[in-house]
Amino acid sequence: MYPNTRIDKISLINFKNHLNTNLKDLSSFVVLNGNNGSGKTNILEAISLFSPGRGIKNSRFTEIPNKNKRQTSFEIKINIKYESGEIELFRSFSSEEKNKNYISADNEKINTFQLLEFINILWITPIMEKVLIQSNSEKRNFFDRLIFNINKSHLKNYAKLQKLLSERLALLKEKNYDTGWLTIIEKNIANLSVRLLTDRTNFIDQLNNNLRSVKAPFNSCQIEFSHELSKLGDIIKSEDFIEKYSIALNKNREIDNALNKTTLTVNKVEIKMFNNIEKIIEARNCSTGEQKSILLSVFLSVANMVKNQNNRRSPIILIDEAMAHLDTKHKEFLFSELSDLKSQVWFSGVSKDLFENINNQTVFFDMKNII
């Protein structure tokens, strides 16, 4: 197996505890091993910042530069090789020089949305393992991020909707607001909401279809998705739905103003995850081992969806400290599935022994030797 998309080199400057770190000659599987606090996850976080958003740790950029050396800026550079061709992606940030806050592809500046044209990055972290027992809003955020990698417009539409919702609330605070302009905003909110709901519904349907064919020892789980706006009608009849939602927003103006929030939104959803296709037991009631198996089933299914959506270009996969609690059978199956994906996979772990099954296609980096 050799990945059809891989990071060939990575360079970090002033990125948390990495003052000047360079990794090169990277393989199909890359393992960062070392003690806790040695900087393993920081490298994965740096890679994740070439995906829209704030990466694995959701860090504020002002928190990233090395504080011990009183730095106020950082730089990340990755060289990506495809089956034909390569590209250099660069990300720079400075809290003092705003002109240094940018992303570039082969020295041409791009925006965060355009990153998805060059690379898709998926990750699993210890925190994400709790998503099965978390709130509906946290589950929604989890699935929205997965959708971003398959439907590039979903991210833009989500950002536009949040802006419109804020604009509507700000306008409601004005004593003599322009009702005509507010009506236009509410109509735009309804239009974007239909698109987001359609994207979410289509994604969950496709994911469930893929999950039905998941092989043992992983779980063939299923997901149920419902939303508060369903009481207004079926989103398939979009024009009727948009009209009804616009009217509802109009009627709720007074209460939304008093509460300083939109009481009826596309973001009020209910997401249930089950441990098999019969949907008998919710994942939140399963053992920790079953929950991890369910999460990995979802993750692998989405990785295949991303690959199929992007003309067979495989995503880069980051797995942070997720191997320690898998038994031998699950580890072997996971390695096999990842190899079939033809993805480059970055692992972090405290011991090389966790990865003995993939020694022949893995490059190991001992963190104490590279910081």
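Scroll up a little and you will see the structure.
Analysis parameters
Residues numbered from 1 in each chain as written. Predicted model: local features only at pLDDT ≥ 70, side-chain atom pairs only at ≥ 80, totals over all residues. Heavy atoms only, no water. 1 Å grid on protein atoms, 1.4 Å probe; cavity = no way out; pocket = protein on both sides within 12 Å on 5 of 7 lines; lining within 4 Å. Points joined across faces, edges and corners; volume = space filled by probe spheres on them. Helix = DSSP H or I, 4+ residues; strand = E, 2+ residues; numbered from the N terminus. Nonpolar A, V, L, I, M, F, W, Y, C, P; charged D, E, K, R; others polar. Disulfide = S-S within 2.5 Å. Buried < 20%, exposed > 50% of the residue type's maximum accessible area, 1.4 Å probe, protein only. Core = buried A, V, L, I, M, F, W, Y, C linked by side-chain atoms within 4.5 Å. Polar contact = N/O pair within 3.5 Å; in protein donor to acceptor, adjacent residues only side chain to side chain. Contact = heavy atoms within 4.5 Å. Pairing = 2+ DSSP bridges. Salt bridge = Lys/Arg side-chain N within 4 Å of Asp/Glu carboxyl O. Axes fitted to C-alpha atoms, helices over the stretch in contact; angles between N-to-C directions. Parallel < 35°, antiparallel > 145°, perpendicular 65-115°, else oblique. Left-handed = near helix turned anticlockwise from the far one by under 90°.

A. The layout of surface pockets, seen in detail. By volume, the largest pocket amounts to about 890 Å³. In terms of lining, the largest pocket is formed by 28 residues, of which the most central are Gly 55, Ile 56, Asn 58, Trp 123 and Arg 145. Those elements that place two or more of their residues in the lining of the largest pocket are strand E8 (121-124), helix H2 (136-148) and helix H3 (152-172). Per element, the largest residue contribution to the lining of the largest pocket is 7 residues, and it comes from H2. Here the residues of the lining of the largest pocket sort into 14 nonpolar, 8 polar and 6 charged.

B. Layout of the state of the cysteines. Considering all chains together, one arrives at 0 disulfides under this definition. Free cysteine Cys 221: the closest other cysteine sulfur is in Cys 286, separated by 9.7 Å. Cys 221 gets classed as buried once you look at its relative accessible area, which sits at 1%. Given a relative accessible area of 11%, Cys 286 falls into the buried group.

C. Focus on the nonpolar core. Of all hydrophobic cores here, the largest spans 112 residues; its most connected members are Phe 143, Phe 203, Val 298, Leu 338, Trp 346 and Phe 347. Ranked by residue count, the leading element in this core is helix H4 (residues 179-211), at 12 residues.

D. Spatial organisation of the side chain of Ser 314. Inspection of the secondary structure assignment puts Ser 314 in the loop between helix H7 (288-309) and strand E11 (316-320). You can call Ser 314 buried: its relative accessible area is 2%. Within the local environment of Ser 314, its side chain forms a polar contact with the backbone oxygen of Lys 342, the two atoms lying 3.2 Å apart. Beyond its immediate stretch of four places on either side in the chain, Ser 314 contacts Asn 4, Thr 5, Lys 307, Leu 341, Lys 342 and Ser 343.

E. Main features of helix H1 (residues 40-48). With 9 of 9 residues buried, H1 is to be regarded as a mostly interior element. Residues Lys 40, Thr 41, Asn 42, Ile 43, Leu 44, Glu 45, Ala 46, Ile 47 and Ser 48 constitute the buried set of H1.

F. Local environment of the environment of Leu 232. Looking at the element boundaries, Leu 232 is found in the loop between strand E9 (222-227) and helix H5 (238-251). We classify Leu 232 as buried; its relative accessible area is 16%. A C-alpha to C-alpha distance of 44 Å links Leu 232 and Val 345, two positions 113 residues apart in sequence. Beyond its immediate chain neighbours, meaning those up to four positions away, Leu 232 contacts Phe 241, Lys 244, Tyr 245, Ala 248 and Leu 264.

G. Representation of the pairing of strand E6 (residues 102-105) within the structure. Where strand E5 (residues 86-94) lies against E6, 4 bridges are found, and the strand directions are antiparallel. When the sheet's bridge partners are listed, Ser 92 is paired in E6 with Tyr 102. As paired elements, E6 and strand E7 (residues 108-110) share 3 bridges and run antiparallel to each other. Following the sheet pairing, Ile 103 is matched in E7 by Ile 110.

H. Here's a closer look at the pattern of salt bridges. Summed over all chains, the structure comprises 13 salt bridges. The partner of Arg 6 in a salt bridge is Asp 8, with the nearest N and O atoms 2.9 Å apart. On the accessibility criterion, Asp 8 (14% relative accessible area) is buried. One salt bridge connects Lys 272 with Glu 270, and the closest N-O pair in it is separated by 4.0 Å. Judged by its relative accessible area of 38%, Glu 270 falls in the partly exposed class. In the salt-bridge network here, residues are joined through shared partners; they are Arg 168, Glu 186, Arg 253 and Asp 256.

I. Seen up close, the packing of H3 against H4. Interaxial distance between H3 and H4 falls to 9 Å at its minimum, and their mutual angle equals 150 degrees. When the interaxial angle is binned, H3 and H4 end up roughly antiparallel. Crossing geometry of H3 relative to H4 is assigned as left-handed. Of the residues in H4, those touching H3 at His 154, Asn 157, Tyr 158, Lys 160, Leu 161, Leu 164, Leu 165, Glu 167, Arg 168, Leu 171 and Leu 172 are Trp 181, Leu 182, Ile 185, Glu 186, Asn 188, Ile 189, Leu 192, Ser 193, Arg 195, Leu 196, Asp 199 and Arg 200. The residue inventory of the contact of H3 with H4, partitioned by class, reads 12 nonpolar, 4 polar and 7 charged.

J. Molecular detail of empty space enclosed by the protein. A complete count under the given rule lists 2 cavities of 30 Å³ or more for this structure. For the largest cavity, the calculated volume is near 50 Å³. Lining the largest cavity are Arg 140, Phe 143, Asp 144, Ile 147, Arg 200, Phe 203, Ile 204, Phe 225 and Ile 271. Put simply, the parts of the chain that give the lining of the largest cavity at least two residues each are H2 and H4.

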